[in-house]
Amino acid sequence: MLAVTRAGERLVAVGERGIVLLSDDSGRSWRQVVTPVRASLTTVTFVGEKKGWAAGHLGVILHTEDGGESWVKQFDGIKAAALVLADAEQRAAAEPDPDKREDLLFSARRLVEDGPDKPFLDLCFLDERTGFVVGAFNLMFRTTDGGVTWVPWQDRVENPMELHFYGIRSAGETFYIAGEQGMLLRSTDGGAHFTSLASPYEGSYFGLVTDPAGSVVVFGLRGNAYCSVDGGESWDRVETGTPVSLSAGIRLAG
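Residues numbered from 1 in each chain as written. Predicted model: local features only at pLDDT ≥ 70, side-chain atom pairs only at ≥ 80, totals over all residues. Heavy atoms only, no water.

J.: Help me out: how do you make sense of the packing of aromatic side chains in this one?
T.: Within a pair of aromatic rings, the relevant descriptors are the distance that separates the centres and the angle that separates the planes. Inspection of the entire model under this criterion finds 14 aromatic pairs. Taking the centre distance of 5.3 Å and the plane angle of 70° together, the rings of Phe75 and Phe141 count as edge-to-face. Note that Phe75 is positioned in strand β8 (residues 72–75) and Phe141 in strand β11 (residues 140–143), a separation of 66 residues in sequence. For Phe141, a relative accessible area of 0% translates into the label buried. Joined through ring pairs, the aromatic side chains of Trp53, Phe75, Phe120, Phe125, Phe141 and Trp150 make up one cluster. (Phe/Tyr/Trp six-rings, centres within 6.5 Å; stacked < 30°, edge-to-face > 60°. Helix = DSSP H or I, 4+ residues; strand = E, 2+ residues; numbered from the N terminus. Buried < 20%, exposed > 50% of the residue type's maximum accessible area, 1.4 Å probe, protein only.)

J.: Looking at this structure, I do not really get the pattern of salt bridges. What am I missing?
T.: Close approach of charged atoms lets side chains of opposite charge pair. Under the defined criterion, the tally for this structure stands at 14 salt bridges. Two residues, Asp76 and Lys73, come together in a salt bridge whose shortest N-O distance is 3.1 Å. Among the ionic pairs, Lys118 bridges to Asp117, the shortest N-O distance being 2.8 Å. Judged by relative accessible area, Lys118 falls into the buried class, the value being 11%. Overall, Asp117 belongs to the partly exposed group, its relative accessible area being 46%. What emerges from the salt-bridge pattern is a single network uniting Arg10, Asp24, Arg31 and Glu69. (Salt bridge = Lys/Arg side-chain N within 4 Å of Asp/Glu carboxyl O.)

J.: I tried to follow the sheet that holds strand β6 (residues 51–56) on my own but got confused; where do I start?
T.: Sheet strands line up and pair through hydrogen bonds in the backbone, either parallel or antiparallel. One open sheet accounts for 4 strands, arranged β5-β6-β7-β8; its pairing is antiparallel. Either end of the sheet is taken by a strand with one partner, and the two such strands are β5 (41–47) and β8. When the angles between neighbouring strand axes are averaged without regard to direction, this sheet yields 25°. (Pairing = 2+ DSSP bridges. Axes fitted to C-alpha atoms, helices over the stretch in contact; angles between N-to-C directions.)

In structure tokens:
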């Protein structure tokens, strides 16, 4: 199993081969439910007790409206690549510089040629309609209709090296992305655009935790973790006491 979250009082865990497990007794016992995929699921999130999303390998995104009892596939890597190419072709048509036009199309065409081999690695939903999914090699999409449709969002992000996005979280209307090679990004306009933040560490971050007051903790390779209380403008090292890589975190009550 690779991720777990709460749906009200229920625990929902996801993992290899599309497996989803539910627990209604705080994890003392679990039962498996049917899903429409066998791709590994890497992340799961819920808005309230009923509506949730899970995402993972082959670019799949699953959705539930009954607390995880049943799931439908909303998206996959083939659809994702086709949307990225269509978006790139539209932007290229308006680009007068032939070199820039070819640059716009190159990555999109490669994505289609590669097939659905790139995973989604994290999800973040503000409410039942608005959310983001991020993944390997600069993959990022936004939905404003609960996942019925997804829009490519790569061109809204400062990531010229197409590094992996490992985590995305919100603190109010501010969004943060943590990723490969010390990449930190922030959006202060509700997710419309993401710009780079100065990073205190050059190694990869595998996740982050935020709170409504605005503080952010990022963590990753070799037990490295850093905290910011000023919206990512400055960072203080957190002594974790371990050299082991950190891959998940949660904000506890209080």
